[in-house]
Amino acid sequence: RVQVLPADPAPRIGSFREFALSLRFVRDHPRIPYLFVFSIFVSFLAFSSHQIMAAYVSDVLESGAATLGLLMGASGLGAFFGSVVVTPVVHRLPRIGRSLTLACLWSGVWLVVLALSRSLPLSLASMAAASVTMPAVMTTCNGTIQTLSAEGMRGRLVSAWLMIVFGLQPLAMLLIGFYAIITIP
């Protein structure tokens, strides 16, 4: 039988102060800021690209809902393969920073290929390939942040990470929309 000891409750200092405290901890840590940057890259560029797929399908591929479903399915297939095969391999590699850099570059290159593609087969392949490393980046960053953080900061850091990474997606969509308006005639 496992005995659970009660935790000493930390004094409440307010949500904004706790968030600021976690950001100061991130700023002062030698490695955690890089993990936030990798996560922000995936959230800002890769996840947000999924939101404009309907416009991509109709305007670039000149197709409809069935093609959009195929592209989203290809992304899901790539992410599933990445979760089952790639992520465990990345977690065993000794150089986390190098692994995350290569994973982000991999996704970025395939997103550029997707942006330049005008054919459905190449778009499907690039969508799947771009999604392969996203789970590895997100889980590695999340787990490493928890491992590197002090015990009293762990919950705050994960909360800050979630707020920043997933809170930036609407801003990313806004910027992508403005960029599309400016660059597409």
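Description of the structure in this document. Along each chain, numbering runs from 1 in the same order as the chain's sequence is written. Note on the predicted model: pLDDT of at least 70 is required for a residue's local features to be given, and 80 or more for side-chain atom pairs to be given and counted; whole-chain, interface and lining totals, by contrast, use all residues. Hydrogens are left out, water is left out, and the side-chain values use all remaining heavy atoms of the structure.

Description of the overall build of the chain
As a reminder, the rule being used: Starting at the N terminus, helices and strands are each numbered in turn, a helix being any DSSP run of H or I of at least four residues and a strand any DSSP run of E of at least two. Summary of the burial criterion: residues with accessible area below 20% of their type's maximum are buried, those above 50% are exposed, and those between are partly exposed, where the area comes from a 1.4 Å probe applied to protein chains only. Working rule for contacts: check all heavy atoms of both residues, and any pair within 4.5 Å makes them a contact. Charged-residue counts in this description rest on Lys and Arg as positive and Asp and Glu as negative, His and the chain ends being excluded. The location of each charge is read from NZ of Lys, CZ of Arg, CG of Asp or CD of Glu.
Broken down by element type, the chain carries 8 helices and 0 strands. Start at the N end of the chain and walk to the C end: the helices and strands fall as α-α-α-α-α-α-α-α. The buried share of the chain, taken over its 185 residues, is 36%. When contacts within the chain are restricted to residue pairs at least 6 apart in sequence, those whose partners lie at least 24 apart make up 76%. The chain carries 12 positive and 6 negative side-chain charges, and their two centres are separated by 9 Å.

Looking at a nonpolar patch on the surface
This is how it is decided: Each patch is built from salt-bridge-free residues with over 30% relative accessible area, joining like charges within 9 Å and nonpolar side chains (Val, Leu, Ile, Met, Phe, Trp, Tyr) within 5 Å. A 1.4 Å probe and the Shrake-Rupley method give the accessible areas. Residues count as covered only by the protein chains that appear here. Here, a salt bridge means any Lys or Arg side-chain nitrogen found within 4 Å of an Asp or Glu carboxyl oxygen.
On the surface, Leu 171, Leu 174, Leu 175, Phe 178, Ile 181 and Ile 182 cluster together to form a nonpolar patch covering roughly 620 Å² of accessible area. One can find Leu 174 in helix α8 (residues 154-183).

Concerning the layout of surface pockets
For the record, the criterion: Only protein atoms enter the calculation, which uses a 1 Å grid: trapped sets of points that fit a 1.4 Å probe without letting it out are cavities, open sets showing protein on both sides within 12 Å along at least five of seven lines are pockets, and any residue with an atom within 4 Å of a point is a lining residue. Grid points are joined across faces, edges and corners, and a volume is the space filled by probe spheres set on the points. Ten residue types, Ala, Val, Leu, Ile, Met, Phe, Trp, Tyr, Cys and Pro, are classed as nonpolar, four, Asp, Glu, Lys and Arg, as charged, and the remainder, Gly among them, as polar.
Roughly 780 Å³ of volume is contained in the largest pocket. In this structure, the largest pocket is lined by 21 residues; those nearest its centre are Ile 52, Tyr 56, Ala 115, Ile 176 and Tyr 179. Going through the elements one at a time, α2 (32-51), α3 (53-59), α5 (96-116) and α8 are the ones with two or more residues in the lining of the largest pocket. With 6 residues, α8 is the largest single contributor of residues to the lining of the largest pocket. By residue class, the composition of the lining of the largest pocket is 15 nonpolar, 4 polar and 2 charged. As a volume, the second largest pocket reaches approximately 260 Å³. Lining the second largest pocket, in full, are Pro 30, Arg 31, Tyr 34, Leu 35, Phe 38, Pro 94, Arg 95, Ile 96, Gly 97, Arg 98, Thr 144 and Leu 148. Where the lining of the second largest pocket is concerned, the elements lending two or more residues are α2, α5 and α7 (134-148). When its residues are assigned to classes, the lining of the second largest pocket shows 7 nonpolar, 2 polar and 3 charged.

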